[in-house]
Amino acid sequence: MRLSEWPVVRSFDGAKCQHIAMPVGGIGTGTISFGGRGQLQDWELFNRPAKGHDPGAFLMLRTDDGEHVVQRALESSLLPGDLAGSWGSPTPHGGLPRFADGSFEAAYPFGQVHLRDAQVPLEVGVGAMNPLVPGDADASGMPLMLLRVSLHNPGSRPVDASVCLSAPNIVGFVPGAQLPDGNTFTVEKLDGATMLVGRSDEVAVDAESWGTLALATVGRPASSARTTWARRSWGDSLLDFWDDLLADGQLDEPTEPARVPTGSLVQHAVVAPGESVELVFAVAWHFPNRRAWSHSFEPAPRFGYGDDIVGNHYTELYADAADVLRRELGRIDELERRTSEFVRLVAGSDLPVPVCDAVLSTLAVLKSTTCFRIADGTFLAWEGSNVDHGSCHGSCTHVWNYQYALEALFPDLAWSMREVELQHSMDDRGMMSFRVGLPLQTQGTAWRVGAADGQLGALVRLHRTWLLTGDTDRLRTLWPAARRALEFAWIPDGWDADRDGLMEGCQHNTMDVEYYGPNGVGQSWYLAGLGAMAALADTLGDAEFASRCREIRDRGASATDAQLFNGDFYEQRIMPPGDDSHIAEGLRIRHTGDNPDMGSDDLVDPDLQLGPGLAGDQLAGVALAVAADVEHGLAPQHVRRALLSVWEHNHRDDFTGHFNHLRTFASGTDRGLLNCTYPRGGRPERPSPYSNEVWTGIEYTAATGLAQLGEREIAERIASDVRARYDGTARNPFNEVECGNHYVRSMAAFGMVTAWPCMTIDVARGRIVADRVPGRWPVIAGARQGTLTITDEDASYTPLRGPSLTVTIREEQTR
């Protein structure tokens, strides 16, 4: 594909380019970020996050039109936020001439910068991408960055152009330390192209940053190359490079090599008047030594990295970085086209532009350091990523409940998560540790706490994973464990010990505290879980269990409507346990020593409760149930009223006067949806801790639920408000944060794909069920993709890939 053929959903310019950093890399491989000016930043390749690791790699253009020679870094000028530092600009190679102006366009995973400068005789674009092919996790898990440079000559005379990619050999990188001696680049052939392979003789073979790095031209050999820059003091290594390239557009090897080599590859072309040329580069990497996360409860819950090496799936597929390029560049054009097909399926639909932007941009989470695959291919994830370490380990069930992307895009990875939840993290009682330990074989259940919402929501995700794949054999294998997971809710002093469908027990949940007594959020997950298990039991012929699940669900739904719905929304009925003797083992996080517990210390009059609060995610489980066509049992009129109440009471057009005692994710003139409000008063002295915060995952969850009810205008407004906050000026559009960067819950945005026509994709039965909402709607179920077209009189499905599906239209809404 040519750069001009790449899809675009959103454009940025000026100050809106300041905070753009688009992660480019495969699922579980680490990434390099493509910055809003075209800079190559945040080289996070070494098995943990590394925000701010900018080793000084860049692209350079030299032009000669017969009258003037001009040389520029292929970046737009530094922005105000790039200038301040105790020694001047902290930007690597900040003194390089850059283009006078630029703009950034994106439709993730495609990002491109268009550069403008009156002194440069060419119109220039630079694009970066990595394949994202639904249904093919390995193709979407390549450790490489593809860089396309487009040169167009609008003038009347030919332009001699050289484009150079330069990057240091950063094998052995350790934050705060010098790169080791012994790093080298060697020139190797690559099917008519040129490759520089970076290795090190000095890095310990079990170090996280031991491995290889490779730079390559694509489709043509380099016209010249350097395996190192010159050894010079006072910054003269850069000066020597600049002068050498400026002289004739080519490079010669220096006589005295630098201690840490920088490799450079030059491609040369003559661009005739009115014509365009594209020059393509690739960067690949291979770092196998991922270490297991670790955790401890002494004296308080904490996590980090252990000594066990669990490895990386991607490094099992390739021998080194050179092998990545040799094996994959031959099919990169096809994968680029497949990626474009997927993106255009979303962007070319009738989903509103802010929804398309949210859906695609939040997929950066899957490519970020948040997610990974260990050596055997198992998919795992942190909740998010801090600057230099993962944030909140364990593939946390109560956070992954909210995302809709993995099951739709990569069902095999979703099945991997179901196996972790139902095999590796579950004990003999049926309690699912909501944070799984590593290594799985020895530490899977070491986090001895179950989360009510996480465990019950995992059962809804099990149903959705089966629905999107029809893989009944896998379901049957996991079924005994799934039954135990639900039956765990009914143990003495458990979540619902009396099996009346109301969770009166101690419920650790995604707000990082325990709720005591039934509440709307918890009930939504419980009722959805019961409905999902009833449907799966029917599939597997377990009629007695199906009947039992439906009976408890129906009783629970009736009680939830009768006891928790206050006319506007579902609230919590606080039921203090009195003491620990009424709380089953594993339902409560306890600290030791003088540290206060995460939840309430007082079990007679517990604090940190919802009480009469209006939670923005009070019907999160219901939204996921509707997406999977699972019956939850709640009264449709109550569900509608509750979701509209979220919009009416939790939405803010301005946060200037808003008080928030914890983290700030919305401020000033931002617009957004509060996690919890108290429109009827009665706020506890110490309410649920994150009430005053704004989480994008909860906003998208509310938008999904509202769109399912036909309230699409409100849902679009919610999505638009989120993306307006993440416009590049103050926040990165490809990094919606919560407890860390690239936070998993933000992928709740993908729920809006099916919510607009309230569509259920049922691969298991070969059908699509949707409301009569006229438009063209994307259908994505792994490798099976297409478009559902609905008119006032008709409906049809046009497959793009995979077999066809039948279409059933609901003429009346019953939710």
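Please read all numbers here as calculations on a predicted model, not as lab measurements.

As for the overall build of the protein
Of regular secondary structure, the protein possesses 19 helices and 36 strands. A compact globule built from 815 residues would reach a C-alpha radius of gyration of about 28 Å, and the protein, at 27 Å, matches this within 12%. Each principal axis of the C-alpha atoms in the protein carries an extent, and together these give about 85 × 65 × 55 Å. Residues classed as buried in the protein amount to 65% of the 815 residues present. For the protein, contacts bridging at least 24 residues in sequence account for 69% of all contacts bridging at least 6. Taken as two groups, the 70 positive and 108 negative side-chain charges of the protein have centres that lie 2 Å from each other.

Quick word on the side chain of Arg226
Secondary-structure assignment places Arg226 in strand β16 (residues 224-226). Given the relative accessible area of 2%, Arg226 is considered buried. There is a polar contact of 2.8 Å between the side chain of Arg226 and the side chain of Asp240. Filtering out sequence-adjacent residues up to four positions away, Arg226 remains in contact with Leu196, Asp240, Phe241, Asp244, Leu251, Asp252, Glu253, Pro254, Thr262, Gly263 and Ser264.

Thoughts on the pattern of salt bridges
For side chains bearing opposite charge, pairing can occur when the charged atoms are close. As enumerated under the stated definition, the model contains 62 salt bridges in all. Two residues, Glu407 and Arg418, come together in a salt bridge whose shortest N-O distance is 3.1 Å. Note that Glu407 is positioned in helix α8 (residues 405-409) and Arg418 in helix α9 (residues 411-424), a separation of 11 residues in sequence. Summarising the burial analysis for this pair, Glu407 and Arg418 share the class buried. A salt bridge links Arg772 to Glu811, with the nearest nitrogen and oxygen atoms 2.8 Å apart.

Regarding the state of the cysteines
Going through the model one piece at a time under the given rule, you end up with zero disulfides. Among the cysteines around Cys392, which has no disulfide bond, Cys739 carries the closest sulfur, lying 3.5 Å off.

Things to note about the sheet that holds strand β35 (residues 795-801)
The strand order across the open sheet formed by three strands is β33-β34-β35, and the pairing between neighbours is antiparallel. With partners counted over all chains shown, the strands left at the sheet margins are β33 (775-781) and β35, one partner each. Put simply, the sheet's adjacent strands are angled 25° from each other on average, direction ignored. Pairing of strand β34 (residues 784-790) with β35 involves six bridges; the strand directions are antiparallel.

A word on unusual backbone geometry
Cis geometry is found at the peptide bond from Tyr108 to Pro109, where omega equals 10°. At Asp629, a position not held by glycine, the phi torsion is positive, near 60°. With respect to the helices, strands and loops of the structure, Asp629 is situated in the loop between α15 (620-627) and α16 (636-650).

Cut-offs and rules
- Numbering of residues begins from 1 in every chain and follows the order in which that chain's sequence is written.
- With the structure being a predicted model, the display of local features is reserved for residues of pLDDT at least 70 and the display and counting of side-chain atom pairs for 80 or more, all residues being used for whole-chain, interface and lining totals.
- Side-chain descriptors were evaluated using all non-hydrogen atoms of the structure, hydrogens and water having been removed beforehand.
- Numbering of helices and strands runs from the N terminus, with a helix taken as a DSSP run of H or I at least four residues long and a strand as a DSSP run of E at least two residues long.
- Based on C-alpha atoms, the radius of gyration is set beside the globule rule, defined as 2.2 Å times the residue count to the power 0.38.
- Here the term buried applies to any residue with accessible area under 20% of the maximum for its type, exposed to any over 50%, and partly exposed to those in between, with areas from a 1.4 Å probe on protein chains only.
- By definition, residues are in contact when any of their heavy atoms lie within 4.5 Å.
- Positive: Lys, Arg. Negative: Asp, Glu. His and the chain ends are not part of the count.
- Think of each charge as sitting on NZ of Lys, CZ of Arg, CG of Asp or CD of Glu.
- By the criterion applied in these results, polar contacts are pairs of N or O atoms within 3.5 Å in which, for protein atoms, one can donate a hydrogen and the other can accept it, and in which residues neighboring in sequence qualify only through two side-chain atoms.
- When a carboxyl oxygen of Asp or Glu is within 4 Å of a side-chain nitrogen of Lys or Arg, the pair counts as a salt bridge.
- By convention in this document, the label disulfide applies to cysteine sulfur atom pairs within 2.5 Å.
- DSSP calls a pair of strands paired once it identifies at least 2 bridges connecting them.
- With axes taken as lines fitted to C-alpha atoms, and helix axes fitted only over the stretch in contact, angles between N-to-C directions fall between 0 and 180 degrees.

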